[in-house]
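Working through the structure, step by step
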Amino acid sequence: MVLVKKMAIDESTPLLENPQAKTKTPLPKIQLGLTLFVLFSQPMSSQYIFPFINQLIRELGVTGGDDRKIGYYAGGIESLFFVTQALTALYWSRLSDYVGRKPILLVGLAGLSISNMCFGLSRVFWALVASRCIAGALNGNVGVMKSVIGEITDATNMARAFALIPIVFTFGASIAPLFGGALVKPHEHWPKLFSGSFWVQYPYFLPSLVSASFTAFSFLITALFLKESLPSKRRGKGPQPEIGAQVGTPSNENASPVPIRTLLKTYSVMIPIANHGTLGLVDIGLFALVPLFYATPVEVGGLGLPPFTIGLIMTAYGTCNGLFQMLFTARAIERYGEKRVFCSAVLAFLPIIATFPTMSWIIRTQKQVGLAIWVLVVVQLLSWVVVSMAYAVIFVFVTKAAPNKYSLGTMNGLSQTTTSIARAMGPATFTSLFAFSKEYNLLGGNLVYVVLLLLLCLLVFLSRRLPELKKDKQ
C-alpha cells in the first residue's frame, strides 16, 4: 500500500524541476527608488506638525487657557488631513485606473506643496483647518503609489518591495518631527539669521517651508523621471503582479476594472482591507497620543517634555525602525510567511498601550522624569518597531486580493479610503478621549487605554481571518 502511494506521488511529480521556480526577479531599482522617494513626501507633509501642534494650539488661545482641552483641538487638526483624504482617495485611485498613475501623483504633490505653505502662514485656527483640508483632498498619492509598486514588481519580489514602504514612512516619521520641532521660532534660536518681524509673526513657517520645498522637488522628480506603470498606458512590457489568485476573489479577465460594488461584497477582498483599516486606527491613535502624552504637563499625568526633545525621541525611533525593517522584515516574511508575521507583529501593540498608564503612575509618584520613565519610553518605541512589520505584510495581502491588474488602483483606493477613515477618526478620537479621561479622571485617567486595548482585540481577531498565501513561483 505504501509502495503504491509512493509510486503515485512519484508519477505526479515532474522529473525535472522548473529551473525558474526559485529564481527571484531583481527589484527594478531605479523606478522603485523614484517611487519610494515620492512616497517619502507623505510623512514629510503629514507628520512634521506633531511636535509643535500642541504648542501652536496653546498660543492661538482657542482653549481659553485650559491646557486640558488642547487635545480636542490638536486632534482635530491632525485628523483633518485624513478626513478629506478618505473622502477623495478612492476617486483618485479609481481615476488612476483610467488616466494613469503619473498624472494623479503630480496633482497630489502640487496640492501638498501649496497646502504646506498655507499652513505655515496661518495665524488663526480656521486657516489651519482649511490648509489641512486642501492637503488631504488633493492627495490620493499613497494608494496610487502602492499600485505603482504592485505593477513594477512580480510574485517573486513583491514582498521585498513592499517591505521598503515602512522604512520610508518611519524614516519620514523621524525626519519630519525632527525639523518640525527644531525649526519652530527660528528668531529665538538663530536671531542673526532670522531677525525680521516676519519670523516673529509667523514662527511656524520655517518647518512648513521645508516640507513644501521637498514636496515641490518630488513633483519635479516625478514629472521628469518616473515612468507610467499602468499596463494600458505604459510603453513596452514589464513584470505583472500575481493578482486575483486568492480563493473567493472575483476573477475578471476583461481589460477593465471590476465594479466597486462587486469588490465590496467579496470576503477575500474585504478581510485584508478590514485589517488595514483597524491597524491604521490603532497605530495613528497611538502616534497622536505619544507626543501629546510626552508634552502634557507632569501635574496632569504626562511627561512635560519640550518639542525639541519630543522631536529627538521620534527621530531615534524612526532611525531604529528603519534599520530594523531593512534588516529583518523581508527575511521574516520569507521564512515564516505573511500571515504569521502579521499576526505576531500586531501583538506588539500590547506593551505599547501598557506603558502609558505605567508611566503616568510613576510620574505622579516621582514628580519628575527619571530613569524608570526613560526605560519605559525605550520599551514603548522598540515595541512599535515590531508593529511596523505588519504594514509591509498587509500591502502584499491587499495587492494579491485584487481581482485583476486593471483593478489594482481601485483595490488600493478602497484600502486607502478605509485606513484614511481610521486615521481621520484616530487623532481626534483618542486625543479627545485622552483629554476627557484626564479632565474627569475616568478610570484614573486611563479610559483611553482601555478603548485602545479593545480595538487591539478586534485587530487580533481579524488577523486570524487572513488567508494563508501560497508560495509564489515564477
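Keep in mind that this is a model prediction, so the values were computed, not measured.

1. Comments concerning the overall build of the chain
Scanning the chain from N- to C-terminus turns up 22 helices and 0 strands. In the chain, which comprises 474 residues, the share counted as buried stands at 58%. A sequence separation of at least 24 residues applies to 83% of the contacts in the chain between residues at least 6 apart. As presented, the chain carries roughly 20300 Å² of accessible surface, and 67% of it is formed by carbon and sulfur atoms.

2. Quick notes on the environment of Phe328
With respect to the secondary-structure elements, Phe328 resides in helix H16 (residues 307-336). The sequence separation of Phe328 and Met389 amounts to 61 residues, and the corresponding C-alpha distance is 8.9 Å.

3. Topic: the nonpolar core
In terms of nonpolar packing, the biggest core is built from 120 residues, with Ile77 and Tyr294 touching the most fellow members. The greatest single-element share of this core, amounting to 12 residues, is contributed by helix H15 (residues 267-295). Residues contacting Ile77, with those up to four places away along its chain left out, are Ile49, Ile53, Ile57, Phe119, Phe125, Leu128, Val129 and Arg132. In this structure, Leu90, Ile273, Ala401 and Leu408 belong to the second largest nonpolar core, which totals 11 residues.

4. Looking at the packing of helix H18 (residues 349-366) against helix H22 (residues 447-463)
Between two packed helices, both the angle of their axes relative to each other and the distance between the axes serve to describe the pair. Contact pair H18 / H22: the axes reach a minimum separation of 10 Å and the direction vectors enclose 175°. It follows from the interaxial angle that H18 and H22 lie roughly antiparallel. The residues of H22 that touch H18, namely those facing Phe349, Leu350, Ile353, Phe356 and Pro357, are Tyr449, Leu452, Leu453, Leu456 and Leu459. Grouping the constituent residues of the contact of H18 with H22 by class yields 10 nonpolar, no polar and no charged.

5. Let's talk about the pattern of salt bridges
Taken as a whole, this structure holds 3 salt bridges when the rule is applied. Among the ionic pairs, Lys185 bridges to Glu59, the shortest N-O distance being 2.4 Å. Residue Lys185 is located in the loop between helix H10 (164-182) and helix H11 (186-189), and its partner Glu59 is located in helix H4 (residues 53-60); the two are separated by 126 residues in the primary sequence. On the basis of relative accessible area, Glu59 is assigned to the partly exposed category, the value being 35%. Of the charged contacts in the structure, one is a salt bridge between Asp97 and Arg101, with a shortest N-O distance of 2.9 Å. Accessibility assignment for this pair places Asp97 and Arg101 in one class, buried.

6. Looking at the confidence of the model for the chain
Looking at the chain as a whole, its pLDDT mean stands at 82, while 90% of the residues score no less than 70. By mean pLDDT, helix H1 (residues 2-11) is the weakest element of the chain at 43, and helix H13 (residues 205-225) is the strongest at 94. Note on residues 1-21: pLDDT is under 50 here. Beyond four places in sequence and across chains, it has 5 contacts. Across residues 245-253, where pLDDT falls below 50, the model places 22 contacts with residues more than four positions away in sequence or in other chains.

7. Thoughts on the packing of aromatic side chains
A full pass over the atoms with the stated rule returns 24 aromatic pairs. Between Phe125 and Trp126 the ring centres are 5.5 Å apart and the planes differ by 75°, which places this aromatic pair in the edge-to-face class. A relative accessible area of 15% means that Phe125 is categorised as buried. Here Trp126 falls in the exposed class, since its relative accessible area comes to 65%. Judged by centre distance (5.1 Å) and plane angle (90°), the rings of Phe198 and Trp199 are edge-to-face. Grouping aromatic residues by their ring pairs yields a cluster made of Trp190, Phe194, Phe198, Trp199, Tyr202 and Phe205. In this arrangement the basic side chain of Arg132 is found over the ring face of Phe119, its NZ or CZ atom lying 5.8 Å from the centre.

8. Notes on unusual backbone geometry
Positive phi values are uncommon outside glycine, yet Lys185 reaches one of about 50°. With relative accessibility at 16%, the residue Lys185 sits in the buried group. Its identity is not glycine, yet Leu443 carries a phi of approximately 55°, on the positive side. Counting through the fold element by element, Leu443 comes out in the loop between helix H21 (408-440) and H22. Classification of Leu443 by relative accessible area gives exposed; the value is 55%.

9. Focus on the environment of Pro306
Here Pro306 shows up in the loop between H15 and H16. Pro306 gets classed as partly exposed once you look at its relative accessible area, which sits at 43%. Each C-alpha atom, one on Pro306 and one on Gly181, is 8.9 Å from the other, the two residues being 125 residues apart in sequence.

10. Here's the deal with the packing of helix H2 (residues 29-39) against helix H8 (residues 141-152)
Across the interface, H2 lies against H8 with an axial gap of 10 Å and an inter-helix angle of 170°. With respect to each other, H2 and H8 are oriented roughly antiparallel. Residues Gln31, Leu32, Thr35, Leu36, Val38 and Leu39 of H2 lie in contact with H8, whose contacting residues are Val142, Met145, Val148, Ile149 and Ile152. Classifying every residue of the contact of H2 with H8 by side-chain character gives 9 nonpolar, 2 polar and no charged.

11. Quick look at the side chain of Asn321
Position of Asn321 among the secondary structure elements: in helix H16. Not counting residues within four places of it along the chain, the set of residues in contact with Asn321 comprises Thr170, Val385 and Ser388.

12. Considering the side chain of Gln416
Among the structural elements, Gln416 can be located in helix H21. Exposure remark for Gln416: the relative accessible area of 5% places this residue in the buried category. One polar contact links Gln416 to Lys146, side chain to side chain, over a distance of 3.4 Å. Dropping the residues within four chain positions of it, Gln416 is found in contact with Gln85, Ala89, Val142, Gly143 and Lys146.

13. Topic: H2
All buried positions along H2 are accounted for by Gln31, Leu32, Leu34, Thr35, Leu36, Val38 and Leu39. Turning to H2, the residues buried within the fold contact helix H3 (41-46), helix H6 (101-120), H8, helix H9 (158-162), H10 and H13.

Each value, and the rule that gives it
- Residues numbered from 1 in each chain as written.
- Predicted model: local features only at pLDDT ≥ 70, side-chain atom pairs only at ≥ 80, totals over all residues.
- Heavy atoms only, no water.
- Helix = DSSP H or I, 4+ residues; strand = E, 2+ residues; numbered from the N terminus.
- Buried < 20%, exposed > 50% of the residue type's maximum accessible area, 1.4 Å probe, protein only.
- Contact = heavy atoms within 4.5 Å.
- Areas by Shrake-Rupley, 256 points an atom, 1.4 Å probe, with all protein chains shown as cover.
- Core = buried A, V, L, I, M, F, W, Y, C linked by side-chain atoms within 4.5 Å.
- Axes fitted to C-alpha atoms, helices over the stretch in contact; angles between N-to-C directions.
- Parallel < 35°, antiparallel > 145°, perpendicular 65-115°, else oblique.
- Nonpolar A, V, L, I, M, F, W, Y, C, P; charged D, E, K, R; others polar.
- Salt bridge = Lys/Arg side-chain N within 4 Å of Asp/Glu carboxyl O.
- pLDDT = per-residue confidence, 0-100.
- Phe/Tyr/Trp six-rings, centres within 6.5 Å; stacked < 30°, edge-to-face > 60°.
- Lys NZ or Arg CZ within 6 Å of the ring centre and 35° of its normal.
- Polar contact = N/O pair within 3.5 Å; in protein donor to acceptor, adjacent residues only side chain to side chain.

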